[in-house]
Amino acid sequence: MRRNGKRRAIIAANASRHRHRSTRHPISTMLANLATRTDKRRRRLRRLAWVLAAALFADSILVVRFLGWSAANMPPPLPDVPHAAGVVFFNDFGDAEGLGPGSMARIEYAADLFAAGKVQRIICVGGQRAQRAQSGAALMAAALVRRGVPAERVQHDTQSFDTLTNWRSAQASLTPAEANDPLLVSAPLHLLRIRHVTGGVGTPAPTASIPQELHRRGVAIWLDVHREWLAWGAAALLPADLYRHWVKRWRDFWDNPPPTNPAHHKPSTDE
């Protein structure tokens, strides 16, 4: 009897709850469900925002530490000892003599070094692109001649397209005496990677100090640092053939001039 009584009580309670639910208006139910879903979505977005903020904060700390380490490892902008040869690394295409601001800064600096007697011969490397008639190195060499460097003191390659092939090409052009300690002309962040590629051979000749580069680039220095990290990581992790194929395809795509306006050039990153 007690069991039957309990069953009847449970059945009655369930029936009462069912009647209560069935009396709710469909619109009220829909609005309640929508409010619940919206609240859950807001909580997920808040969690995601906190995660992104924490990641950005950690990344900013790493960028600042990297810039500090870079500044501590950079030599003075102007080398004290004259060098037999200097190697200028290509950066970007643009509207000024076919070169972008990064490449032009390196050309101006290399021409100043030559005029000051700090370097006797200049080798330009990099900027080979399948869709361009002239390599970036050829454009830089021509720009140097226009700035007073005798043509017989300027040499350029036509095949290199990244920092690894840049250095191999430069090695092929350097005499044994020059190969011991050539000047390496590039942007300060790029020079850290160049020194890694050269195995410590050569004297870095940065176009600017890290504080000057930070002042010139502003928040864009954040992108420059991440480009360098990407280049370091790709070279370290990818098989050599895959890395070479990836870099060449990316360079050809990024530096492809629009067919409607051949004079307009897309900027590139350091090779």
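The rules behind the values
Residues numbered from 1 in each chain as written. Predicted model: local features only at pLDDT ≥ 70, side-chain atom pairs only at ≥ 80, totals over all residues. Heavy atoms only, no water. Patch = residues over 30% accessible without salt bridge, like charges linked within 9 Å, V, L, I, M, F, W, Y side chains within 5 Å. Areas by Shrake-Rupley, 256 points an atom, 1.4 Å probe, with all protein chains shown as cover. Salt bridge = Lys/Arg side-chain N within 4 Å of Asp/Glu carboxyl O. Helix = DSSP H or I, 4+ residues; strand = E, 2+ residues; numbered from the N terminus. Buried < 20%, exposed > 50% of the residue type's maximum accessible area, 1.4 Å probe, protein only. Phe/Tyr/Trp six-rings, centres within 6.5 Å; stacked < 30°, edge-to-face > 60°. Pairing = 2+ DSSP bridges. Axes fitted to C-alpha atoms, helices over the stretch in contact; angles between N-to-C directions. Contact = heavy atoms within 4.5 Å. Expected span 1.5 Å × (residues − 1). Arc of directions from axis to C-beta.

Novice: Can you help me understand a nonpolar patch on the surface in this one?
Specialist: A contiguous nonpolar patch, built from Leu230, Leu238, Leu242, Trp246, Trp250 and Phe253 and spanning about 590 Å² of accessible area, is present on the exposed surface. With four residues, the top contributor of residues to the nonpolar patch is helix α10 (residues 240–254). Topologically, tryptophan 250 is positioned in helix α10. Overall, tryptophan 250 belongs to the partly exposed group, its relative accessible area being 37%.

Novice: I'm lost on the packing of aromatic side chains in this one. Help?
Specialist: Each aromatic ring pair is summarised here by two numbers: the centre-to-centre distance and the angle between the ring planes. Per the counting criterion, the structure on display carries three aromatic pairs. Summarising the aromatic geometry, the rings of phenylalanine 66 and tryptophan 69 are spaced 5.9 Å apart at their centres and angled 40° between planes, so their arrangement reads as tilted. With phenylalanine 66 and tryptophan 69 both in helix α2 (residues 26–72), this residue pair falls three residues apart, about one helical turn. Classification of tryptophan 69 by relative accessible area gives partly exposed; the value is 44%. Between phenylalanine 90 and phenylalanine 93, the aromatic rings sit 4.7 Å apart at their centres with planes inclined by 55°, giving tilted as the arrangement. The class for phenylalanine 90 is buried, based on a relative accessible area of 0%.

Novice: Before we go on, may I ask you to explain the pattern of salt bridges in this structure?
Specialist: A side chain with one charge may pair with a side chain of the opposite charge, provided their charged atoms come close. This model, assessed by the stated rule, comprises nine salt bridges. Where glutamate 213 meets arginine 216, a salt bridge forms, and the shortest distance between an N and an O atom there is 2.9 Å. Taken together, the residues span about one helical turn, with glutamate 213 and arginine 216 both in helix α8 (residues 210–217) at a distance of three residues. One salt-bridge network, in which partners are shared between bridges, spans Glu97, Glu108, Arg146 and Arg147.

Novice: Any chance you could explain the sheet that holds strand β4 (residues 154–156) here in plain terms?
Specialist: Ordered by their spatial adjacency, five strands build an open sheet running β4-β3-β1-β5-β6, and the pairing between neighbours is parallel. A strand with exactly one partner marks an edge of an open sheet, and here the two such strands are β4 and β6 (203–206). Sheet twist, expressed as the average angle between the axes of neighbouring strands with direction ignored, equals 25°. Sheet topology note: the strand β5 (residues 183–186)/β6 ladder contains four bridges and is parallel. Looking at the pairing, leucine 183 lines up with threonine 203 of β6. Along the sheet face, helix α5 (residues 163–173) touches β1 (86–89), β3 (122–125), β4 and β5 and points at about 150° away from the line of β3.

Novice: Can you walk me through the environment of leucine 67 in this structure?
Specialist: Secondary-structure assignment places leucine 67 in helix α2. In this structure, the C-alpha to C-alpha distance between leucine 67 and isoleucine 210, residues 143 residues apart in sequence, is 7.2 Å. Apart from the residues within four sequence positions on either side, leucine 67 is in contact with Leu189, Ile210, Ile221 and Val225.

Novice: Got a minute to help me understand helix α3 (residues 101–115) in this structure?
Specialist: An α-helical turn contains 3.6 residues, so any two residues separated by three or four positions project in the same direction. Between its first and last C-alpha atoms α3 spans 21 Å; for 15 residues at 1.5 Å apiece the expected length is 21 Å, and the two agree. Listing the buried residues of α3 in full gives Gly102, Ser103, Met104, Arg106, Ile107, Tyr109, Ala110, Ala111, Leu113 and Phe114. Count one or two residues on from α3 and you reach glycine 117, which has phi positive near 75°.

Novice: Can you walk me through α10 in this structure?
Specialist: With 15 residues, α10 extends 21 Å from end C-alpha to end C-alpha; this agrees with the ideal 21 Å at 1.5 Å per step. Taken residue by residue, α10 has Tyr243, Val247, Arg251 and Asp252 as its buried positions. Looking straight down α10, one finds its buried side chains confined to an arc of 150°; they lie on one side. Seen from the buried face of α10, the exposed residues on the opposite side, beyond 90 degrees, are Asp241, Arg249 and Phe253. Lining the buried residues of α10 we find α5 and α9 (221–237).

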